[in-house]
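Each chain, written out:
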Amino acid sequence: MTAQVFIDGEAGTTGLQIRARLEARADVRLIRLDDADRKDPVARAGALNQADLAILCLPDAAAREAVGLIENPQTRVIDASTAYRTDPDWTYGFPEMDAEQAAKVTASKRVSNPGCYPTGALALIRPLIKAGLLPTDFPVTINGVSGYSGGGKGLIRRYEDPAAPDRLSNAYRAYALKLAHKHLPEMRLHSGLDQAPFFLPAVGNYRQGMLVQVPLQLWALPERHKPDDIRDLLAAHFAGQDFVSVASAAETAARDDLDPEGLNGTNAMRLYVFGNASGDQVLLAAVLDNLGKGASGAAVQNMNLMLGLDPQAGLAERLAA
Ligand SMILES: NC(=O)C1=CN([C@@H]2O[C@H](COP(=O)(O)OP(=O)(O)OC[C@H]3O[C@@H](n4cnc5c(N)ncnc54)[C@H](OP(=O)(O)O)[C@@H]3O)[C@@H](O)[C@H]2O)C=CC1
Ligand SMILES: CC(=O)N[C@@H](CCC(=O)OP(=O)(O)O)C(=O)O
């Protein structure tokens, strides 16, 4: 039987990209609301309770409201917002996080999609903590830069609409300087760190794509490790994964820069380990599309797992940015 899927928030940045990945598929049928009804709680409740799987692409408060509208015990949910990412009753939807995480997502009725920056940061940090290479009390710093679509329709308008009263046109803008970004709780919890990491995000004046970087002073670790040890550890952790890969030593040696837009339109995330000549400093880096593996692609990946569908379905094509 064809699964019925409702995207609540289909007209938003994340929702539109999920729709683009699903609408041509024969193995799912989309439940759609007219534009006039898309914010009507009664119409949404009807669609949510009719769906085999609902994907919430909404602000946090509307996502919580949507979950409250669900009475059908068969309706399964993927939430793209921040609302449930540290909730113990929800499964964290990062299937490559641990060997058993994909099975947990497959079996779950409530899956919380990771944040875009945490997807990169956790891929780089969690395997090192798990392996004991990075102590849980290490003072970790995460730097990130995202295209402005990371801020949804509101931020897109500020960069693209010349008539926007709060227009932004700067090439690069550091933000979250209260040091209290909404991604910190999930980064701390799912990394295994005892304390919140330092997180320094920025927005670039381009639409989409991101780079997450974690610099590490290897001389400050209790046991000395070489950059190659860290690359080998990450490569072993993500071996065989369709969507997360680790650049080889040869590829890394041939590079001196990274392009945050390099994986746009895909559900791929590429990890890099750069080391200096003396081997006492490394830069861990992740390139991903904030709207791909950082949001919409990840939701489709989780949906495929939860509905028992082809893991590559809807994800093989590169979407136009
Ligand atoms: N953009 C990104 O890179 C990422 C986003 N996310 C998360 O995904 C969620 C959606 O983000 P994004 O797509 O960027 O945001 P957008 O602002 O682009 O889209 C949100 C959509 O939700 C609609 N909406 C708001 N309130 C309601 C409501 N009560 N009922 C129904 N629809 C409603 C909005 O309507 P209207 O069109 O009228 O404004 C809009 O279409 C957020 O929680 C965000 O944190 C997660 C990872 C990355
Ligand atoms: C550039 C930008 O503004 N990015 C957003 C993060 C992306 C987002 O809102 O989505 P999730 O939190 O659900 O991952 C921010 O920093 O708030």
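Scoring rules and cut-offs
- Residues numbered from 1 in each chain as written.
- Chains lettered and ligands numbered in written order.
- Predicted model: local features only at pLDDT ≥ 70, side-chain atom pairs only at ≥ 80, totals over all residues.
- Helix = DSSP H or I, 4+ residues; strand = E, 2+ residues; numbered from the N terminus.
- Contact = placed C-beta atoms within 7 Å.
- Pairing = 2+ DSSP bridges.
- Axes fitted to C-alpha atoms, helices over the stretch in contact; angles between N-to-C directions.
- Buried ≥ 20, exposed ≤ 12 C-beta atoms within 10 Å, placed from the backbone.
- Domains from an automatic or database assignment.
- Nonpolar A, V, L, I, M, F, W, Y, C, P; charged D, E, K, R; others polar.

A. Examining the overall build of the protein chain more closely. Along the protein chain, the regular secondary structure elements total 10 helices and 13 strands. A principal-axis box enclosing the C-alpha atoms of the protein chain has dimensions of 60 × 45 × 35 Å. Restricting the contact set of the protein chain to residue pairs at least 6 apart, pairs at least 24 apart contribute 72%.

B. Examining the sheet that holds strand 6 (residues 110-112) more closely. An order of 2-1-3-4-6-5 is seen for the six strands of this open sheet, with the pairing classed as parallel. Lying at the two open borders of the sheet, with one neighbouring strand each, are strand 2 (28-31) and strand 5 (91-92). In terms of strand pairing, strand 1 (residues 3-8) meets strand 3 (residues 53-56) through four bridges, oriented parallel. Along strand 3, the bridge assignment pairs Phe6 with Ala54. Helix 1 (residues 13-22) rests against strand 1, strand 2 and strand 3 of the sheet, and its axis sits at about 155° to strand 1.

C. The arrangement of the pairing of strand 12 (residues 269-275) in detail. Among the seven residues of strand 12, six are classified as buried, and the element is accordingly described as predominantly covered. Relative to strand 12, strand 11 (residues 244-246) is paired through three bridges, and the arrangement is parallel. Among the inter-strand pairings, Val246 is bridged to a residue of strand 12, identified as Leu271. Sheet analysis places strand 12 next to strand 13 (residues 281-288), joined by seven bridges and oriented antiparallel. Across the sheet, the residue bridging to Met269 is Leu288, located in strand 13.

D. Representation of the domain arrangement of the protein chain in the model. Segmenting the protein chain into domains produces domain 1 (3-113 + 294-306) and domain 2 (116-290). Counting residues at the interface gives 14 residues for domain 1, matched by 22 residues for domain 2. If one sorts the elements of the side of domain 1 that touches domain 2 by residue count, helix 10 (residues 292-306) sits on top with five residues. Here the residues of the side of domain 1 that touches domain 2 sort into five nonpolar, seven polar and two charged.

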